[in-house]
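Spelled out from the first residue to the last, the chains are:
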Amino acid sequence: MEFDEETIGSVQARLNILRKGIVSEENSVNYYKTLLEKTPQDSDEDIGTRRMYADLMEEEKQHVERFRELITQWENKLKELEG
């Protein structure tokens, strides 16, 4: 099989990995959200910590969106190959 040639099996494998990966990314969003919620705002250090958790949470949200885009792309490719 050529590197750029896809089959139903290879696309399903890609989708399996992406579906596992998106769960990990969603868990990361929830992790940073929990840390953010549990961090007080009592000092400059706490405020800086909260900001960093918020930044990281937003970054993970972008990863989730990218995984969704890739899942849609490969689901469409799978339909094309099946059709």
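In this report, we go over the structure that sits alongside the text. (Residues numbered from 1 in each chain as written. Predicted model: local features only at pLDDT ≥ 70, side-chain atom pairs only at ≥ 80, totals over all residues. Heavy atoms only, no water.)

**Concerning the nonpolar core**
Threshold: Definition of nonpolar core: a set of buried residues of the types Ala, Val, Leu, Ile, Met, Phe, Trp, Tyr and Cys, connected through side-chain atoms within 4.5 Å. Exposure classes here rest on a 1.4 Å probe applied to the protein chains alone. A residue is buried below 20% of its type maximum, exposed above 50%, and partly exposed in between. Think of it this way: any DSSP run of H or I at least four residues long counts as a helix, any run of E at least two long counts as a strand, and we number them from the N terminus. Throughout, a contact is declared for two residues whenever any of their heavy atoms are within 4.5 Å.
If you look at the biggest cluster of nonpolar residues, it comprises 14 residues, and the most contacted ones within it are Val11, Leu15, Leu18, Ile22, Met57, Ile71 and Trp74. Those elements that provide at least two residues to this core are α1 (8-38) and α2 (44-82). Excluding residues that lie within four positions of it along the chain, methionine 57 makes contacts with Val29, Tyr32, Lys33 and Leu36.

**Comments concerning the packing of aromatic side chains**
Selection criterion: Two rings from Phe, Tyr or Trp (for Trp, the six-membered ring) form a pair when their centres are within 6.5 Å of each other. A pair whose planes differ by under 30 degrees is stacked, one over 60 is edge-to-face, and the rest are tilted.
Here the structure, examined in full by the defined rule, presents two aromatic pairs. Relative to tyrosine 32, the ring of tyrosine 31 lies with its centre 5.3 Å away and its plane at 65 degrees, an arrangement referred to as edge-to-face. In this structure tyrosine 32 comes out as buried when scored by relative accessible area, which is 18%. Here tyrosine 32 and tyrosine 53 contribute two aromatic rings whose centre-to-centre distance is 6.4 Å and whose plane-to-plane angle is 35 degrees, an arrangement assigned as tilted. One end of the pair, tyrosine 32, is in helix α1; the other, tyrosine 53, is in helix α2, with 21 residues separating them in the sequence. An aromatic cluster of at least three residues, connected via ring pairs, comprises Tyr31, Tyr32 and Tyr53.

**Digging into the environment of proline 40**
You can see proline 40 is positioned in the loop between α1 and α2. Judged by its relative accessible area of 37%, proline 40 falls in the partly exposed class. Along the chain, proline 40 and arginine 66 lie 26 residues apart, while their C-alpha atoms are 31 Å from each other.

**Description of the side chain of glutamate 6**
We count it as follows: Two N or O atoms form a polar contact when they lie within 3.5 Å of each other; inside protein one atom must be a possible hydrogen donor and the other a possible acceptor, and for residues adjacent in sequence the pair counts only when both atoms belong to side chains.
Structurally, glutamate 6 is set in the segment before α1. A polar atom in the side chain of glutamate 6 sits 2.5 Å from the side chain of serine 10. Side-chain polar atoms of glutamate 6 contact the side chain of arginine 14, separated by 2.8 Å. Apart from the residues within four sequence positions on either side, glutamate 6 is in contact with Val11, Arg14, Trp74, Lys77 and Leu81.

**Describing the environment of asparagine 16**
Examined against the element boundaries, asparagine 16 turns out to sit in helix α1. Residue class for asparagine 16 comes out partly exposed when judged on its relative accessible area of 42%. For the pair asparagine 16 and methionine 57, spaced 41 residues apart in the sequence, the C-alpha separation amounts to 24 Å.

**With respect to the pattern of salt bridges**
Selection criterion: Throughout this description, the term salt bridge denotes a Lys or Arg side-chain nitrogen within 4 Å of a carboxyl oxygen of Asp or Glu.
Summed over all chains, the structure comprises seven salt bridges. When the shortest N-O distance is used, the salt bridge between glutamate 65 and arginine 68 registers 2.7 Å. You can see glutamate 65 and its partner arginine 68 sitting in helix α2, three residues apart, about one turn around the helix. A relative accessible area of 41% means that glutamate 65 is categorised as partly exposed.

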